[in-house]
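Residue strings, one per chain:
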Amino acid sequence: QVQLVESGGGLVQAGGSLRLSCAASGRTFSRYAMGWFRQAPGKERESVAAVSRYGGNTYYADSVKGRFTIFRDNAKNTAYLQMNSLKPEDTAVYYCAAAEGYSGSYVYTLDYEYSYWGQGTQVTVSS
């Protein structure tokens, strides 16, 4: 198993930037494809971005494409979500998640494909 801890959330004005971090421990980090999800009040949890085990492939939701970047540093056992040009509609609790698999190139976008989740970090974007 692997334990995930998110950090970096907070309050930011529209147009600003935040970088979320997801620190992993317990297993070899490169075993896992990683993803970021978010859940706003009254809405379903949605996939924001995903990255394959070695960082070669990525996925972005249409709503964040061009503004958010997912990347990972396997030597530091950490995945990141760089969020630029933030909008009020980005306000949500953000979760990182890990999916174990044999494929080194696959990215996952559905929540049931992930086995491990962090506790979440609040991102609030004011107008």
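Please refer to the structure higher up on the page.
What you are looking at is a predicted structure, and each value in this text was computed from that prediction instead of being measured.

Sheet architecture is open: four strands sit in the order β1-β3-β8-β7, paired in antiparallel fashion. The strands lining the two open edges of the sheet, one partner per strand, are β1 (3-7) and β7 (68-73). Neighbour-to-neighbour, the strand axes of the sheet open up by a mean angle of 15°, direction not taken into account. Two strands pair when backbone bridges link them, and strand β3 (residues 18-25) and strand β8 (residues 78-83) are joined in this way by six bridges, in the antiparallel orientation. Bridging across to β8, Ala23 finds its partner in Thr78.

The next subject is the packing of aromatic side chains. On inspection of all chains with the given rule, the structure shows seven aromatic pairs. Taking 5.3 Å as the distance between ring centres and 85° as the angle between the ring planes, the aromatic pair formed by Phe37 and Tyr114 counts as edge-to-face. Placement of Phe37 in strand β4 (residues 32-39) and of Tyr114 in the loop between β9 (92-100) and β10 (116-117) is noted, with a sequence separation of 77 residues between them. There is no split in this pair, since Phe37 and Tyr114 are both buried. Across from the ring centre of Trp117, 4.1 Å away, lies the NZ or CZ of Arg45, which sits over that ring.

What counts as what
- Residues numbered from 1 in each chain as written.
- Predicted model: local features only at pLDDT ≥ 70, side-chain atom pairs only at ≥ 80, totals over all residues.
- Heavy atoms only, no water.
- Pairing = 2+ DSSP bridges.
- Helix = DSSP H or I, 4+ residues; strand = E, 2+ residues; numbered from the N terminus.
- Axes fitted to C-alpha atoms, helices over the stretch in contact; angles between N-to-C directions.
- Phe/Tyr/Trp six-rings, centres within 6.5 Å; stacked < 30°, edge-to-face > 60°.
- Buried < 20%, exposed > 50% of the residue type's maximum accessible area, 1.4 Å probe, protein only.
- Lys NZ or Arg CZ within 6 Å of the ring centre and 35° of its normal.

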